[in-house]
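Residues per chain are reported as follows:
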Number of protein chains: 2
Amino acid sequence: MLLNKLIRLPVFFCVKNVCRHMGHKPDFTMNNYNVERGYYNYPQEQHLLFFKQLLGERVVTDLSDLEKYNVDWFLTYRGSSSVVLRPKSTEEVSQILEYCNKNKLAVCPQGGNTSVVGGSVPVFDEIILSTELMDDIIEIDPTAGTVICQAGCILENLNNRLSEEGLIAPVDLGAKGSCHIGGNVATNAGGKRLLRYGNLHGNVLGLEVVKANGEIIDSLATLKKNNTGFHIKNLFIGSEGTLGLITKVALLCPTLPKSVNVAFLGCQNYERVLQTLKKSKEDLGEILSAFEVMDADSIDLLERETHIKSPIGKYPFYVLIETSGSNEAHDGEKVSQFLDSSLETDLVVNGTVTNEPTKVEAIWSIREKIPDGIRQCGYSYSYDVTLPLTSFFQIVDDTKTHFGKQADVVCGFGHLGDGNLHLIVTAHSYDKQFKESLEAFVIKKTLDLRGSISAEHGMGFQKAKYLNLVNSKGPFNMMKELKRIMDPNRILNPYKVFP
Amino acid sequence: MLLNKLIRLPVFFCVKNVCRHMGHKPDFTMNNYNVERGYYNYPQEQHLLFFKQLLGERVVTDLSDLEKYNVDWFLTYRGSSSVVLRPKSTEEVSQILEYCNKNKLAVCPQGGNTSVVGGSVPVFDEIILSTELMDDIIEIDPTAGTVICQAGCILENLNNRLSEEGLIAPVDLGAKGSCHIGGNVATNAGGKRLLRYGNLHGNVLGLEVVKANGEIIDSLATLKKNNTGFHIKNLFIGSEGTLGLITKVALLCPTLPKSVNVAFLGCQNYERVLQTLKKSKEDLGEILSAFEVMDADSIDLLERETHIKSPIGKYPFYVLIETSGSNEAHDGEKVSQFLDSSLETDLVVNGTVTNEPTKVEAIWSIREKIPDGIRQCGYSYSYDVTLPLTSFFQIVDDTKTHFGKQADVVCGFGHLGDGNLHLIVTAHSYDKQFKESLEAFVIKKTLDLRGSISAEHGMGFQKAKYLNLVNSKGPFNMMKELKRIMDPNRILNPYKVFP
């Protein structure tokens, strides 16, 4: 039965910038967690002198300026670094690392500081090496569909520049307004375009990286096919700044789609969501570019904490589908046919669809602003997991049941097309015991389901202690061996990835 | 002016299996090239005894049986191995390598033996470890679009099995009837689908690999997003069997297209070919799945040496375009519009287009049987390079001019969409001096154009001596270091990749 006729509606909701709830500051990570400082030297006056000689004004030591580099975006982790270095060139990065390596000074590489696993902030007093001034777009080749840029380019700026040349970045994230492309590559960031364009291992054509000892590794080709020896660059993708610091990136960029449609749909249960996914793959085929899902609690939280509202009323599950194609008429016809028959068969009970750019953006902001809503809720615990589609939301229900009133909100949303769920639990204040039992619960459930405990966020600080647990002996030993030969003094991003 | 009206023609040409021109055998590689045997032990009776206890009948020592394992597909390289091992399981591979490592016996891993750079045949008396009996397809998940299989699955068989489940393999090559998926991954094979589905770094979800010491590295996940530590599996992709032997592969598989169109077109010059490529990207967008180019000499050679004929007469350049999509009507409309306006604007002067499966296959065989034709010509020298699109065929003309009558045929064809040219030079007999000056010429030209001297074929034996030349110091040193820690006795595929 048709409950509502789906039409191209105007989207009635407003998007405001939510202001960061800075009332609370997290405790220092070193106090909150049972972690021992490594045998590094403490940054001292003579070190500062070297850095100031090299970078001049681009050395931050003022306490109030340091705060934003020491605290993570989700206000969960806090370091106590006393110095931030802001190099502009690969050569400066090389000199910094060579010096730090010789002087056994620990370094925390930082891009846009949008890690949600504590990967981009120091744990103790590591020197923060920020890529924020390394934001040159060096070369775009519109015919070949390639770009070379510095690691500190903000993803959204890069994408805007690419779109002027008829291209798009192969990766897109909610954090695009802040995150750096170097950080995206270092963490093998996934995001919403992965479904269509694949992961960064396939889209990074070349990298320039500085090793811990300051040596510059130049693998910065833009060739689509290049098999001339081991694929060294892939070693750095997803290594989270622990094997080297990425300074330049060469990317393969898809053609800017001529036609984009976005639909926001309501479904009565998860079974229907799954059927809608299957149907969208069949009906939309090669133009399907995103399939996102949100549960009712995610949208309720968003509506309560921000001024963004669901444009279609309340449903147990919401689906956001995006298509990107080259022919507006063909794409529109595919989308209409898909939506009509989804409504007719009750897979979907209500929805809105648009191809107007501002409305497309507004619909995307429903999905992308959920993390902003979460930040307003006091403390939040965020888990990024890959799960089999059949048990995708089981973990959300199980968490609710298991923890009852200990949690304020337990909700789930994510990239269903890639099997990637973001499980969120909010609480009024930080409770170490609760956090630990929650984490143990989520990790056990995920592993029981043969999922991944880190889909797209990486290990960072949060999951480093599980590295041994989630990798069998062979790969784990190889990781240790690689770290040993690449960074024998372990100065790069300590306390992250490795336990 | 319209020279010929392009219509959906029946394709009038016949495809016969060309029989292998086995009249000549290449000389032994060790005699032809200036290469010194490594300090390995010689396989002896007690080693054979061990292998026979482990594998029983699956140890090949008969001289006539050994021949096909010792000689490469292009009849260019020839080893003198006295033993071929045919394990069925990972455990057997593990025991073989552990034994060979302890006894310092060199090992040549071999899949379908379709390497064109001498990567899959021994140089001296290496023990050949063939994956030909490791051909189990272990698990296909049609909803997630994934497969797990053993490394020895022949690509075409795997693809046929996947198509029964509504999927296709993300890689496709001319050698698909012989090549093994393990070899494809080990060489990061490109092929014609790369344009659409990206390279194997993006499509390999997991690997199981046996290290030189017999240790099994299990990274065999099928998760689309999984960031739990370094991406160990990517180290083996493109390492050509020198870091470990791939025993199982997990792949991401695209949906089987519902509609496939193939057009075979004639162009008057390369400038028009390039314009046709640009136009095809714009008009065909997301359904474009291959863009291949062949010059007149390639097709002349094919017609002379096989029974395959061009279905459209003779032109300076031929283009093969494939589209793969989900909607027959939409795809047909896109293709028709593209072809009509390409004819109207004289980009293309004649052509044939079809969506009938047998005719699609017949058109593809024009492109894919060129190597068969080459094999009939006596000796051939094959170079696989990536070049900037603007100077793609320059190297073919330059080679013709430079070598004049020293060469019988100089022709070029390849994956223009990926900038990947196969340059072929044929001659009646092997001439060491000619070969050396030809190779030096091609490599210099390619590097002068900032191209890659190995696009999709790898370094193998042929290009190993250039590893140092084509990689800057940093990556080169890292390659040596990785080899040292992974295979300290250098038993795996010696004389390949490394000089």
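Because the structure is predicted, anything quoted here is derived from the model rather than measured.

A word on the overall build of chain A
When helices and strands are tallied, chain A shows 18 helices and 16 strands. Here chain A has a C-alpha radius of gyration of 23 Å; the compact-globule value for 499 residues is 23 Å, and the two agree. In terms of principal-axis extent, the alpha carbons of chain A reach across some 75 × 55 × 45 Å. Looking at chain A residue by residue over its 499 residues, the buried ones come to 56%.

What to know about the interface of chain A and chain B
The interface is formed by 65 residues belonging to chain A together with 65 residues belonging to chain B. At the level of secondary structure, the elements contributing two or more residues to the side of chain A that touches chain B comprise helix H8 (200-203), strand E8 (216-219), helix H9 (232-236), helix H10 (270-284), helix H12 (328-344), helix H17 (467-470) and helix H18 (473-486) of chain A. At 7 residues, the largest contribution of residues to the side of chain A that touches chain B is made by H18 of chain A.

A short note on the pairing of strand E7 (residues 204-210) of chain B
Residue and element names in this part refer to chain B. Within E7, 6 of the 7 residues are buried, which leaves it mostly tucked inside the rest of the structure. Pairing geometry for E7 and strand E9 (residues 245-252), over 6 bridges, is antiparallel. Paired with Val 204 across the strands is Leu 251, a residue of E9.

What to know about the domain arrangement of chain A
Frequently, the measure chosen for interface size is the accessible area removed from exposure when the parts meet. Residue and element names in this part refer to chain A. If you check the domain split of chain A, you get domain 1 (29-130), domain 2 (137-252), domain 3 (259-371) and domain 4 (377-462). Summarising the inter-unit geometry, the C-alpha centres of domain 2 and domain 3 are found 29 Å apart. Across the boundary between the two partners, domain 2 contributes 5 residues, which contact 8 residues of domain 3. In terms of residue class, the side of domain 2 that touches domain 3 is built from 1 nonpolar, 1 polar and 3 charged.

Section: the relation of the copies chain A and chain B
Between the two copies of this chain, the relationship is a rotation about some axis together with a displacement along it. In the superposition of chain A on chain B (RMSD 0.0 Å, axial shift 0.0 Å), the rotation amounts to 180°. The operation mapping one copy onto its partner corresponds to a two-fold rotation axis. Considering only C-alpha atoms, the residue of chain A closest to the rotation axis is Gly 202 of chain A, which sits at 2.0 Å. A shared interface surface links the copies, since 100% of the contact residues of chain A are contact residues in chain B too.

With respect to the nonpolar core
Nonpolar side chains tend toward joint burial in soluble globular proteins. Val 107, Ile 127 and Val 249 of chain A together with Val 107, Ile 127 and Val 249 of chain B are the most contacted members of the largest nonpolar core, which has 158 residues in total. Counting contributing residues, this core receives three or more from each of domain 1 (29-130) and domain 2 (137-252) of chain A.

A word on the environment of Val 385 of chain A
Structurally, Val 385 of chain A can be placed in strand E14 (residues 379-386). When the C-alpha atoms of Val 385 of chain A and Ile 443 of chain A are compared, they prove to be 8.9 Å apart, with 58 residues separating the residues in sequence.

Digging into helix H4 (residues 90-102) of chain B
The terminal C-alpha atoms of H4 of chain B, which comprises 13 residues, lie 18 Å apart, in line with the 18 Å expected from a rise of 1.5 Å per residue. At the C-terminal side of H4 of chain B, Lys 104 of chain B shows a positive phi close to 50°.

Considering unusual backbone geometry
Of note in this structure, Arg 490 of chain A is not a glycine but carries a positive phi near 55°. Note on placement: Arg 490 of chain A falls in the segment after H18. For Arg 490 of chain A, a count of 19 C-beta atoms within 10 Å puts it in the partly exposed group. Phi at Glu 240 of chain B takes a positive value of approximately 55°, unusual for a residue other than glycine. Mapped onto the secondary structure, Glu 240 of chain B falls in the loop between helix H9 (232-236) and E9. Given 29 C-beta atoms within 10 Å, Glu 240 of chain B falls into the buried group.

Some remarks on the packing of helix H2 (residues 45-55) of chain A against helix H4 (residues 90-102) of chain A
Residues and elements named next belong to chain A. As a packed pair, H2 and H4 sit with axes 11 Å apart at the nearest point and diverge in direction by 170°. What the angle tells us is that H2 and H4 run roughly antiparallel. Along its contact with H2, which presents Phe 50, Leu 54 and Leu 55, the element H4 presents Glu 92, Gln 95, Ile 96 and Tyr 99. For the contact of H2 with H4, the residue count by class is 5 nonpolar, 1 polar and 1 charged.

What about helix H11 (residues 296-305) of chain B?
Residue and element names in this part refer to chain B. Of all the residues in H11, the buried ones are Ser 298, Ile 299, Leu 301, Leu 302 and Glu 305. Projection of H11 onto a plane perpendicular to its axis shows the buried side chains occupying an angular sector of 160°, all on one side. Buried positions along H11 lie against strand E11 (288-295), strand E12 (317-325), helix H13 (357-368), helix H14 (370-375) and strand E15 (409-415).

Here we look at the sheet that holds E14 of chain A
Adjacent strands of a sheet form backbone hydrogen bonds with each other and so pair up, either parallel or antiparallel. All names here are of chain A. The sheet built from 7 strands is open, its strands ordered E13-E10-E12-E11-E15-E16-E14 with antiparallel pairing. Across the chains shown, the open sheet's two edge strands, defined by having one partner strand only, are strand E13 (350-354) and E14. Ignoring which end each strand starts from, the neighbouring axes of this sheet average 15° apart. Sheet topology note: the strand E15 (residues 409-415)/strand E16 (residues 420-427) ladder contains 7 bridges and is antiparallel. Bridge pairing in E16 links Val 410 to Val 425. Each of strand E10 (259-267), strand E11 (288-295), strand E12 (317-325) and E13 is contacted by helix H13 (residues 357-368), which is oriented at about 45° to E10, the strand it contacts most.

Some thoughts on the sheet that holds strand E6 (residues 146-150) of chain B
Residues and elements named next belong to chain B. The strand order across the open sheet formed by 5 strands is E5-E6-E9-E7-E8, and the pairing between neighbours is antiparallel. Unpaired on one side and paired on the other, strand E5 (137-141) and strand E8 (216-219) mark the two borders of the sheet. Sheet twist, expressed as the average angle between the axes of neighbouring strands with direction ignored, equals 10°.

Some remarks on the environment of Lys 102 of chain A
Residue and element names in this part refer to chain A. Counting through the fold element by element, Lys 102 comes out in helix H4. Overall, Lys 102 belongs to the exposed group, with 12 C-beta atoms counted inside 10 Å. Between the C-alpha atoms of Lys 102 and Ala 212, which are 110 residues apart in sequence, the distance is 9.7 Å.

Focus on the confidence of the model for chain A
All names here are of chain A. Here chain A averages 92 in pLDDT, while 95% of its residues score no lower than 70. When the criterion is pLDDT under 50, residues 1-22 qualifies, and its contacts beyond four places in sequence or with other chains add up to 39 contacts. Model confidence for the complex is summarised by a pTM of 0.92, with the ipTM given as 0.91.

A word on the pairing of E11 of chain B
On a regular strand, each side chain points to the face opposite its neighbour's, so the side chains alternate between the two faces of the sheet. All names here are of chain B. Of all 8 residues that make up E11, 8 are buried, and the element is covered over most of its length. Here E11 pairs with E12 via 7 bridges, running antiparallel. Of the residues in E12, the one forming a bridge with Asp 295 is Phe 317. Across 3 bridges, E11 lies against E15 in antiparallel orientation. Residue Met 294 lies in a different strand from E15, and its bridge partner there is Phe 413.

What about the packing of helix H15 (residues 394-403) of chain B against helix H16 (residues 432-448) of chain B?
All names here are of chain B. Remark: H15 packs on H16, axes separated minimally by 11 Å, with the N-to-C direction vectors making an angle of 145°. Seen along the crossing, H15 lies across H16 with a hand that is right-handed. Contacts from Ile 395, Asp 398, Thr 399, His 402 and Phe 403 in H15 reach Leu 438, Phe 441, Val 442, Lys 445 and Thr 446 in H16. The residue makeup of the contact of H15 with H16, split by class, is 5 nonpolar, 3 polar and 2 charged.

So, the environment of Leu 320 of chain A
Residue and element names in this part refer to chain A. Tracing the backbone shows Leu 320 in strand E12. The class for Leu 320 is buried, based on 22 C-beta atoms found within 10 Å. C-alpha separation for the pair Leu 320 and Met 294, spaced 26 residues apart in sequence, amounts to 8.3 Å. With residues near it in sequence (within four places) discarded, Leu 320 still touches Val 262, Phe 264, Ala 290, Glu 292, Ile 363 and Arg 367.

Rules behind the numbers
Residues numbered from 1 in each chain as written. Chains lettered and ligands numbered in written order. Predicted model: local features only at pLDDT ≥ 70, side-chain atom pairs only at ≥ 80, totals over all residues. Helix = DSSP H or I, 4+ residues; strand = E, 2+ residues; numbered from the N terminus. Rg over C-alpha atoms; globule rule 2.2 N^0.38 Å. Buried ≥ 20, exposed ≤ 12 C-beta atoms within 10 Å, placed from the backbone. Contact = placed C-beta atoms within 7 Å. Pairing = 2+ DSSP bridges. Domains from an automatic or database assignment. Nonpolar A, V, L, I, M, F, W, Y, C, P; charged D, E, K, R; others polar. Least-squares fit on C-alpha atoms with pLDDT ≥ 70 in both. Core = buried A, V, L, I, M, F, W, Y, C linked by C-beta atoms within 7 Å. Expected span 1.5 Å × (residues − 1). Axes fitted to C-alpha atoms, helices over the stretch in contact; angles between N-to-C directions. Parallel < 35°, antiparallel > 145°, perpendicular 65-115°, else oblique. Arc of directions from axis to C-beta. pLDDT = per-residue confidence, 0-100. Left-handed = near helix turned anticlockwise from the far one by under 90°.

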